Amino acid sequence: MAPADLREANAMRLTMPYPAIATNVVPVRSARVHARTRRSVLSLARAIEPDACAVLLWYDTVGIGELWDRTARELVEAGQGRRVLGFLAEVASGRRD
């Protein structure tokens, strides 16, 4: 590439608008925590319900009445995964339906 081409490319780059910045990006550490919590929730749910499809359907679509009728997914993404794990632990122990 010739020096003139580089100058032209730089001039074009400077006049191009910046790309939109995503506002819904989750920090990497938080994404890791959510992934780890999701695995824990799904693992404990599988101990209660052996059908993996049913567990995934429950995780994504069924609101937990005692936890503000929010799904396990919504709770995990909101940082409330420990509450879901506590709920599932009580179900697994037979203290709750």
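Let us look at the structure shown here. Just so you know, these numbers come straight off a predicted model, no measurement behind them.

1. Considerations on the overall build of the chain
Thought 1: Helix and strand content of the chain: five helices and two strands.
Thought 2: In the chain, which comprises 97 residues, the share counted as buried stands at 20%.
Thought 3: Considering only contacts within the chain whose residues lie at least 6 apart along the sequence, 32% involve residues at least 24 apart.
Thought 4: When the accessible surface of the chain is summed, it comes to about 7500 Å², and 56% of that surface belongs to carbon and sulfur atoms.

2. Some thoughts on the environment of Val84
Thought 1: Looking at the element boundaries, Val84 is found in helix α5 (residues 81-93).
Thought 2: Aside from chain neighbours lying at most four places away, what touches Val84 is Val41, Trp58, Ile64, Leu67, Ala72 and Leu75.

3. Description of the pattern of salt bridges
Thought 1: All chains considered together, the criterion is met by four salt bridges.
Thought 2: A salt bridge links Glu77 to Arg73; the nearest nitrogen and oxygen atoms lie 3.6 Å apart. With Glu77 and Arg73 both in helix α4 (residues 72-77), this residue pair falls four residues apart, about one helical turn.
Thought 3: Between Arg96 and Glu90 there is a salt bridge whose closest N-O contact spans 2.5 Å.
Thought 4: Among the charged side chains, a network of salt bridges with common partners joins Asp60, Arg73 and Glu77.

Conventions used here
Residues numbered from 1 in each chain as written. Predicted model: local features only at pLDDT ≥ 70, side-chain atom pairs only at ≥ 80, totals over all residues. Heavy atoms only, no water. Helix = DSSP H or I, 4+ residues; strand = E, 2+ residues; numbered from the N terminus. Buried < 20%, exposed > 50% of the residue type's maximum accessible area, 1.4 Å probe, protein only. Contact = heavy atoms within 4.5 Å. Areas by Shrake-Rupley, 256 points an atom, 1.4 Å probe, with all protein chains shown as cover. Salt bridge = Lys/Arg side-chain N within 4 Å of Asp/Glu carboxyl O.

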